[in-house]
Every structure is written in C-alpha cells, then in structure tokens.
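Here's the letter readout for the chains.
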Amino acid sequence: MFRTALRNVLAHKARLLMTVLAVLLGVAFVSGTLVFTNTISDAFQKSSAQGFEHVDVAVQPKKGAEDKPGAAPRLSQELLEAAGSVPGAASATGTVSGFAALADKDGKLVGEGWSTTGANYYGENDSRYPMKDGRAPSGKGEIALDAKTAERAGYQVGDQVRMSIDGPVLTPMVSGIFTTDDGNVAAGGSLALFDTRTAQALYAQPGSFSEIDVRAAPGTSQAALKAEIEKVLPKNGTAEATTGGELADEQAEQIESGMSGMQTGMLAFAGISLFVGIFIIANTFTMLVAQRTKELALMRAVGASRRQVTRSVLIEAFVVGAVAAVVGLAAGVGIGAGLRSLMGSFGGSVPDGPLVVSPSTVIASLVVGIVVTMLAAWLPGRRAAKIPPVAAMNSVHATATTKSLVVRNTIGTLLSGAGIAAVLAGTRMGDDGKLPMGLGAALLLIGVFVLTPLLSRPIIAAAAPVLRLFGVSGKLARQNSVRNPRRTAATASALMIGLTLITGMTVIAGSVQKSIDKMATDSIKADYVVSMQNFNTLSPDVEKKLADLDGVTATSPLRNSPAQIDGKKESEYLTGVDAETIGSLASLDFEQGSWGGLGGGKVVVDSDTAKRYGWKAGSDFSVRYEDGKKGTLQVAGVYQGNEMMRGIMLDKDRLAPHQQQITDMQVMVKTSDGATPAAKDSIRAALGDNPAIAVEDKKDISNGIAQMFTLMLNMLYGLLAMAVIVAVLGVINTLAMSVFERSQEIGMLRAIGLDRKGIKRMVRMESLVISLFGGVLGIGLGVFFGWAAGELIGSSLATYELVLPWGRMGLFLALAAVVGVLAALWPARRAARLNMLAAIKAE
C-alpha cells in the first residue's frame, strides 16, 4: 500500500501541484513570520545587552513612584557619592536622559520618536562615550553627537545644529563626535550629549539624576555590590537598586514581549491562509479519490481493508505535506530575510545580526505542513474506504443521498442559527460580549460553509438571466456550477472566508475612523492644536509665545498632574486648563453646570468620573496634590467625556504651585482670522519652524486619523492577500481537475458544434460564477460581522455610527470577478485544446 501511495503521488503530481502550492504558501507565511520575529528580537536583545556592559548595578527611582502624589523621587548628588564609595564599588556615574529631537541640514528630523535621545556626558572623561573627533561638550551652547548620527545628518565638529527638547528651538554647536555601543543608536536612533549641568536643567532638576550607574571593583559580584548599595538608599523607598544582569534580562523580556504581539498577529493571518488551504486540499483529494474509484474498488476486491485504503490516501497526503513543508520552510527563510530588508527600506532600523532559523521554527513548519495536509485529506480518504467494491467498479457512487443532504442542511441551519443568536446576544452585553460574539461568529461561519451547497442553487440561479446573454456557453456554465454543489461550495468558501474578513475589517475601520474624526473635530473649537510630533510634553514657554503672538485671540494648555482623590490609593490625573479661555476652545456637552463655573477651587468632571465617585454639581472632595499638599475642590459642572477630553479639569493657576515640573501635553490656539495658511505659518515661525512640533487644524487632525486607518487597513489587506491567493489556487485547481473529469463531455460538445471559443467561454463563466458566489457570501457575512462588532464598540464610543463602504464593497466584488477570470485562464485554455476524438474515448 505504501508503494501504491507513492506511485499515485507521482502519477498525479500535476494535479497535486496546486495543493502543494497552497500548503507551501501557508507554511512559508508561518516560517517567514517566525524567522523574521526571532531575527529582530535576537538583534535587539544583543544590541540592548551591549548597553549594560558598563553597568554592574543601577540605582533608579522606584517604578510607579513618579505617578503618585508626594515628594517626586530624585537621585541626588549625595546619593551618587554614597553609591560610589560603598565597599566593592570602582566608580559611580550619574546619568540624565530624555527626548531630544535633532534636525538634519535640510530641517528634517533625524530618527523617530523614542529613539532620538539626549543625555549627559559625565565628568571630564566619560568612558561610555570615547571621543572620535573634537572634545566633550561644555556649557549649554555645545553638544556632542554619536558618529552614526553625525554621518547620517552630515554634521562635523564646529557645525551649528537645530534641535528641540520640549518645544523651543535650541541651536548649540557640535563640540565633539563620539562612538558608542548604545542599543538605540545601533538600531538607528540618535544620541546627543550635553554637559551634566545643562542636561539636568533640561531633563531633571539641578543636582539630580535620573539614574546612577555603578561599576564593581575586580572580584566583586553584581549581587554583592547591589547588597552594599541598598544600605545607602533613601529610607523613604523612592529609589531601588538593580543589577546590570537583571536590567539586561528585563530589557530582553520587554523586547520579546513586544515581538510576541507582532508574531501572534502575523501567525493568526498565516493560520487563516492555512485554513483556506484546507478547502483546497480536501477538494483535491475528494476529486482524486472520485477519479480513482475503480482503482480503489479493485484494491478492496483483491483484499485491501478499509483502513489500508484510508491509510494509502493519508500517505499520499503525508508526502504532499512533507514536500510542501520543506519548500515552504526554505521560502519562509527568504521571506524573513526580505521582511527585514523591507523594514529598513521603510525607515525602520534594525541592529546588525544574523538571520535566526531556530529548531523550533523548522519543527513548527514541518508539523504545520504535514498535519494540515493529512487532516484535510482524512475525510476524503474515509469516504473512499466506505465505497462498496462492487458499486464502485460499476461507477454507482458519488451521488449524495437525500438523507445525507437533509442531515447536512439541518446541521448547517442549527449552527447558523446558534451563531446568529450568540452574535446578537453579544451586541447587547457591552465589554462582556466579546467572547459570545467571537464564538457566535465562528459558529455562523461554519454553519454557512455547511449550508453553502444549499445556498449555491438559488444564488447561482439569480445569475441565470445574465448568463443567458452568453448563449449555450453561459447555460452550460450555470449547470456545471451547480452540478456538484459540495465541490462548488468548498471552492467558493475559500474565497468567502478571505472576503468576509476583509469586508468586516473595512466596515469596522471606516466606522471607527468617522466616529473618532467626528469626536475630534466636534469637541474642538480651537483653530489649531499644537503638540510634539512624538506626543512628548511641551515646555510652558510654547503657550506663552503663542499667547503673545499677533492674531492669536485665545490659548489654553492641557497639562496633567497625578493626585489622590478622597483619600483613595489609586491616582487620578488632574488636567490644568486656562479657565478664562477654555470655553472658547473646547466644545463639550454639559449635563450639569458649564465652563463658566470653572476657576479657583472649582472644577468640571466627566460623567463617568462623577458617577464613580458619586459627585454632582456642588459636591466637595478632598485632593492630595503631586507635591503631597492637601486641599478641597468643588464640582462646578459635569460634562460628557470622550476619548479626546475627559477627567477632572481645573484652572492651571490653581494646579501650577503643586507641580514639580510644569509641562503641557498640548496647547489649543484660536486666531482672529480662523484656520488659514498664513495663521499656521505665523505660528510655525513663532516656534522657530521646529520640525518636532505639530501645528494641526481640524482638517489636519482628520487627515491624520484617516492616514492612520488607511495604513492599518493596507497592512491588513496585505496580510489577508495570502488567503486570497490561496483561494485563487483553489479555483484554478478545481477547474483544472473538473476539466480532466469532463474530458469526454467536452469532447462531445466539440463534436456537436461548440467551438474552442465556446469551450473557453464556458469554463470562464463557470469560474466567474463560483468566484462571485463566494464573493457575495463573503461580503454579506463581512457586513454582518462589521455591524455586530460596531454595536460592541458603540457601547464605549459615543459618536460611533455604522458606515458601509459601498465603493470598497463594489471593489471587493469586482476583485472576486477578476479572481474568477484569472483563475480560469489555464483551465479554459487546456479544455479548448483537448483532442476531440481522444477526449470522447477517455473514461
């Protein structure tokens, strides 16, 4: 039986090609994802570990202490000296760091977001940053740049640079260029160094540090040094000591955790492709078994048992799966390398490192390819074994009994009904509805697949008037499409799944985009919102400059400060605004009171916060500010909060005395002429044309939201494209094998007068009908799932409303039609070129 199975694989290798390709693509997706994420993770971990080579023990503010009211944690000069003098310490270095946006000579930002860093050059000879050219920075008018950034931006010693920390433009001179093994720089970031006093003024407070790094003397372990340092830490518990090894492990864990999310997401889409591939595999083996019915019956007649027949089919599947898995693994390694290069071409930087192909990746790829293929082939193999030898040898088989169809339709109806009920129930359960909705969606998808043979007849019949326009070819195409409903269902279902996901995501994304856009624009009266490009905080000087600008009629910052309310341990954020101008800059619906009551010790709160604390207009509550001082505030109004504005708002002048460091999240600006290009240029010029600062009007905010969702959808389309490609292979495979099965019939049609063009048209129409059938089902299900998910989202997003993207849905249906036409090219050509007499004599 083993030799027979191998012979069958070799004999039908052309027919198994599409199955191999389907499995190969799925495995390549899986292995490529694993290779890519493992490679990136390994490169970042090694690069990060290099940054801790100079650190044996680090003293840092205790995690979370900065978000609680009370004395803000500071690492003082006294603590630095104490840590450096403990037994076993060789040296101690105080570090200060934060965001530093650096512009190149063309005024564009160098690097992005978190990777653009500023820090201090400690002492006269900081061993962490050996100077390659020039000297260490001295005074607030000088900086040193890392060598990679200097080369990329074209800077040399003596050049003047433009940079920004929290808004205002700085123009220091480059005093030196240094080399570093800092992980962020290796990953494409930038590092600018100030002298310690300047860095403290920019990022902390005079005489304080954000971290103290201690080197161990020879013969002293990190653990022993940590124990000694812990003896000199502040008694109030605001600082903690961590070994360099622990920091490296923690950083590696964070990197792995971050990559895990990406890996899971990409593997989910790979799973979708493999799930779609199951339909192709099952269809292929079903058709192969049907074509070899007499052969299998003869094997049964000469003594082969049912198990042996099933086993022979599974052996064929094993060989197909193994070949596809091995080739898919090799392709996946190439995909992983390609994704890494692609990441670099789109501006993402990855530290240097080898391509990582772990044993787990190899095993996972082989197991996935073989197991998926064998599982998909098991049911056709089992069906083949159940055919009686005599019936098979007389070709009395393959027609489904009435009983089996009734059972299938009953099961499909029950599953679909249960799925719809669960989805509808989930829409009414708020955040608790995610699980029942997900379960219901799965049941409905399976139920529709089971019912697809039943649905194929009425839906395809609806296309009959159009098909009649193509004469005999169109009529034959319709009849062929419903001749074997199960085969048509399996082929269409592969495309249906991909389009269901694509349509559902498009409906959800479009609806959420419009809702957020409406929320953002409706809640803002201001002409412009000024913020940092990377969402860092702004200096209060930005608001002062804008307030003094000609043409500006009103400004208000939004600044946050942690506080404890009514003695509770959990921190709430107080938001400071300008009580006099906020009413002309923000538009919120008040349930009680208004902006007019804001000022002094009176605040306005969102309805959710008011409900949580049991407040209403006139309620008093106690507050413990950021600096630890206590006070009493009174609720003057309750408004309906949204994702843009919510929480406890009070006058900035009331909040400022209690803040350790005053910074703004954003500044709202209103001008006398409204939002005009001239007004925007004036604001930009007042801020020194700083590339790190975003000046956005309502249209800019809307465009930014649209770009974000467009990028997200394009990424999802790209990931789901694999499932659509696999579905196309399924259509090609089904048509090609169907042409082989109907060789005699096609020969007869040619003999009675249907020309080659008519044969080609028949096959194309059949492919088009099957693809459009899958497209209609997929789009219909996608809209339903999109609506249901929207109902769930609407429970937490007040401005949510359903948006049906008719243009895109029409495009998806057209895509299904294109899939049908393209998939039919080779099968139609093959059918038209069949030798008429040879086809008639074929069995």
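Residues numbered from 1 in each chain as written. Predicted model: local features only at pLDDT ≥ 70, side-chain atom pairs only at ≥ 80, totals over all residues. Heavy atoms only, no water.

Student: Can you walk me through the overall build of the protein chain in this structure?
Tutor: Regarding its fold elements, the protein chain presents 28 helices and 25 strands. Taking the principal axes of the C-alpha coordinates as reference, the protein chain spans close to 95 × 70 × 50 Å. Among the 843 residues that make up the protein chain, the fraction classed as buried is 48%. Here the contacts in the protein chain between residues at least 6 apart in sequence split such that 82% fall between residues at least 24 apart. About 38300 Å² of surface is accessible on the protein chain, with carbon and sulfur atoms providing 58% of the total. Of the charged side chains in the protein chain, 79 are positive and 72 negative; the average position of the first set lies 20 Å away from that of the second. (Helix = DSSP H or I, 4+ residues; strand = E, 2+ residues; numbered from the N terminus. Buried < 20%, exposed > 50% of the residue type's maximum accessible area, 1.4 Å probe, protein only. Contact = heavy atoms within 4.5 Å. Areas by Shrake-Rupley, 256 points an atom, 1.4 Å probe, with all protein chains shown as cover. Lys, Arg positive; Asp, Glu negative; His and termini not counted. Charge placed at Lys NZ, Arg CZ, Asp CG, Glu CD.)

Student: For this particular structure, what's the right way to read empty space enclosed by the protein?
Tutor: The gaps left among the atoms become clear once a water-sized probe is rolled over them. Throughout the structure, instances matching the rule amount to four cavities of 30 Å³ or more. Taken as a whole, the largest cavity holds about 40 Å³ of empty space. Of all the elements in the fold, those that place two or more residues in the lining of the largest cavity are helix 8 (244-291), helix 17 (485-522) and helix 23 (698-741). By residue number, the principal contributor to the lining of the largest cavity is helix 8, which donates four residues. (1 Å grid on protein atoms, 1.4 Å probe; cavity = no way out; pocket = protein on both sides within 12 Å on 5 of 7 lines; lining within 4 Å. Points joined across faces, edges and corners; volume = space filled by probe spheres on them.)

Student: Teacher, can you tell me more about helix 18 (residues 540-547) here?
Tutor: Of all the residues in helix 18, the buried ones are Pro-540, Val-542, Glu-543 and Leu-546. Considered in projection along helix 18, the buried side chains sweep an arc of 155 degrees and stay on one side of the axis. Where helix 18 is buried, its residues meet strand 16 (528-532), strand 17 (552-565), strand 24 (666-671) and helix 22 (677-686). (Arc of directions from axis to C-beta.)

Student: Please explain helix 6 (residues 196-203) as it appears in this structure.
Tutor: An α-helix turns once per 3.6 residues; consequently, residues spaced three or four apart project the same way. By the burial criterion, the buried members of helix 6 are Thr-196, Thr-198, Ala-199, Gln-200 and Tyr-203. Among the structural elements, strand 4 (97-99), strand 6 (116-121), strand 12 (190-195) and strand 13 (208-209) are those in contact with the buried residues of helix 6.

Student: Would you take a moment to explain the packing of helix 17 against helix 23 for this structure?
Tutor: Angle between the axes and distance between the axes: these two values describe a pair of packed helices. Viewed as axis vectors pointing N to C, helix 17 and helix 23 meet at an angle of 175 degrees, and their least axial separation amounts to 9 Å. In this view, helix 17 runs roughly antiparallel relative to helix 23, as classed from their interaxial angle. By residue class, the composition of the contact of helix 17 with helix 23 is 21 nonpolar, eight polar and four charged. (Axes fitted to C-alpha atoms, helices over the stretch in contact; angles between N-to-C directions. Parallel < 35°, antiparallel > 145°, perpendicular 65-115°, else oblique. Nonpolar A, V, L, I, M, F, W, Y, C, P; charged D, E, K, R; others polar.)

Student: What is the right way to read the packing of helix 14 (residues 434-461) against helix 17 from this model?
Tutor: In the contact formed by helix 14 and helix 17, the axes pass within 9 Å of each other and the chain directions differ by 115 degrees. Considering the relative orientation of helix 14 and helix 17, their crossing is right-handed. Every residue of helix 17 that contacts helix 14 at Leu-445, Val-448, Phe-449, Thr-452, Pro-453, Ser-456, Arg-457 and Ile-460 is listed here: Pro-485, Arg-486, Thr-488, Ala-489, Ala-490, Ser-493, Met-496 and Thr-500. When the residues that make up the contact of helix 14 with helix 17 are grouped by side-chain class, the tally is nine nonpolar, five polar and two charged. (Left-handed = near helix turned anticlockwise from the far one by under 90°.)

Student: Which parts of the structure should I look at to understand the pattern of salt bridges?
Tutor: In this structure the tally under the stated criterion is eleven salt bridges. Arg-559 is the salt-bridge partner of Asp-664, the closest N and O atoms lying 2.7 Å from each other. Of this pair, Asp-664 sits in the loop between helix 21 (652-655) and strand 24 while Arg-559 sits in strand 17, and the two are 105 residues apart along the sequence. Per residue, the accessibility class of Asp-664 equals that of Arg-559, and both read buried. (Salt bridge = Lys/Arg side-chain N within 4 Å of Asp/Glu carboxyl O.)

Student: Would you mind showing me how to read the sheet that holds strand 12 here?
Tutor: Sheet strands pair via backbone hydrogen bonds, and the direction of the pair is either parallel or antiparallel. A sheet is described by the order of its strands in space; here six strands give the open sequence 4-6-12-8-11-7, paired in mixed fashion. A strand with exactly one partner marks an edge of an open sheet, and here the two such strands are strand 4 and strand 7 (131-134). Strand after strand, the sheet turns through a mean of 30 degrees between neighbouring axes, direction not considered. Where strand 4 and strand 6 come together, three bridges link them in antiparallel fashion. Across the sheet, Phe-99 pairs through a bridge with Thr-117, a residue of strand 6. (Pairing = 2+ DSSP bridges.)

Student: Before we go on, may I ask you to explain unusual backbone geometry in this structure?
Tutor: Across residues other than glycine, the phi torsion is negative in most instances, and most of the peptide bonds are trans. The phi dihedral of Asp-566 is positive, around 50 degrees, even though this residue is not glycine. In this structure, Asp-566 sits in the loop between strand 17 and strand 18 (571-577). Residue classification places Asp-566 among the partly exposed residues on the basis of a relative accessible area of 35%. Despite not being glycine, Asp-689 has its phi angle at roughly 50 degrees, a positive value. With respect to the helices, strands and loops of the structure, Asp-689 is situated in the loop between helix 22 and strand 25 (693-696).

Student: I keep staring at the side chain of Lys-226 and nothing clicks. Help me out?
Tutor: In this fold, Lys-226 is placed in helix 7 (residues 222-230). When near neighbours in sequence (up to four residues on either side) are disregarded, Lys-226 contacts Val-57, Ala-241, Thr-243 and Glu-246.

Student: Sorry, what's going on with the sheet that holds strand 5 (residues 101-102) here?
Tutor: The strand order across the open sheet formed by three strands is 5-9-10, and the pairing between neighbours is antiparallel. Bordering the open sheet on either side are strand 5 and strand 10 (169-170), each of which pairs with just one other strand. Both strand 9 (residues 163-164) and strand 10 contribute to a ladder of two bridges, which runs antiparallel. Across the sheet, Met-163 pairs through a bridge with Leu-170, a residue of strand 10.

Student: How do you make sense of the nonpolar core when you look at a structure like this?
Tutor: A general trend in soluble globular proteins is that nonpolar side chains are found buried together. Of all hydrophobic cores here, the largest spans 83 residues; its most connected members are Trp-595 and Met-668. Sort the elements by how many residues they give to this core and helix 23 lands first, with 18 residues. Trp-595 has contacts with Ile-582, Gly-583, Ala-586, Leu-588, Phe-590, Val-604 and Met-649, leaving out every residue within four places of it along the chain. With 38 residues, the next largest nonpolar core counts Val-96, Leu-102, Ile-165 and Phe-209 among its residues. (Core = buried A, V, L, I, M, F, W, Y, C linked by side-chain atoms within 4.5 Å.)

Student: Any chance you could explain the packing of aromatic side chains here in plain terms?
Tutor: Centre-to-centre distance and the angle between the planes together describe a pair of aromatic rings. Scanning the model with the defined rule gives ten aromatic pairs in all. When the ring of Tyr-122 is compared with that of Phe-209, the centres are 6.4 Å apart and the planes differ by 65 degrees; the resulting orientation is edge-to-face. Here Tyr-122 is found in the loop between strand 6 and strand 7, whereas its partner Phe-209 is found in strand 13, with 87 residues between them in sequence. Classification of Tyr-122 as partly exposed rests on a relative accessible area of 22%. Cluster of aromatic residues (ring-pair linked, three or more members): Phe-590, Trp-595 and Tyr-639. The aromatic ring of Phe-449 is capped on one face by Arg-408, whose charged end is 5.9 Å from the ring centroid. (Phe/Tyr/Trp six-rings, centres within 6.5 Å; stacked < 30°, edge-to-face > 60°. Lys NZ or Arg CZ within 6 Å of the ring centre and 35° of its normal.)

Student: Whenever I open this one, the pairing of strand 6 confuses me. Can you help?
Tutor: Note on strand geometry: in a regular strand, side chains alternate between the two faces of the sheet. The buried fraction of strand 6 is high, at six of six residues. Judged from the six bridges that link them, strand 6 and strand 12 form a sheet pairing that is parallel. Bridge pairing in strand 12 places Tyr-121 opposite Asp-195.

Student: Which parts of the structure should I look at to understand the pairing of strand 23 (residues 648-651)?
Tutor: The sheet contact formed by strand 18 and strand 23 spans four bridges and is parallel. Considered in strand 23, the bridge of Gly-576 is made with Leu-650.

Student: Help me understand a nonpolar patch on the surface, please; the structure alone is not making it clear to me.
Tutor: Side chains of Ile-363, Val-367, Val-371 and Leu-375 sit close together on the surface and give an oily, nonpolar patch of about 370 Å² of accessible area. Structurally, the position occupied by Val-371 is in helix 11 (residues 359-385). What makes Val-371 partly exposed here is its relative accessible area of 40%. (Patch = residues over 30% accessible without salt bridge, like charges linked within 9 Å, V, L, I, M, F, W, Y side chains within 5 Å.)

Student: I'm lost on the environment of Leu-598 in this one. Help?
Tutor: Counting through the fold element by element, Leu-598 comes out in the loop between strand 19 (590-592) and strand 20 (602-606). Sequence-wise, Leu-598 and Leu-754 are 156 residues apart; in three dimensions their C-alpha atoms are separated by 85 Å. Setting aside its immediate chain neighbours within four residues, Leu-598 contacts Val-577, Ala-579, Ile-582, Val-603, Val-604, Ala-636, Met-649, Leu-650 and Asp-651.

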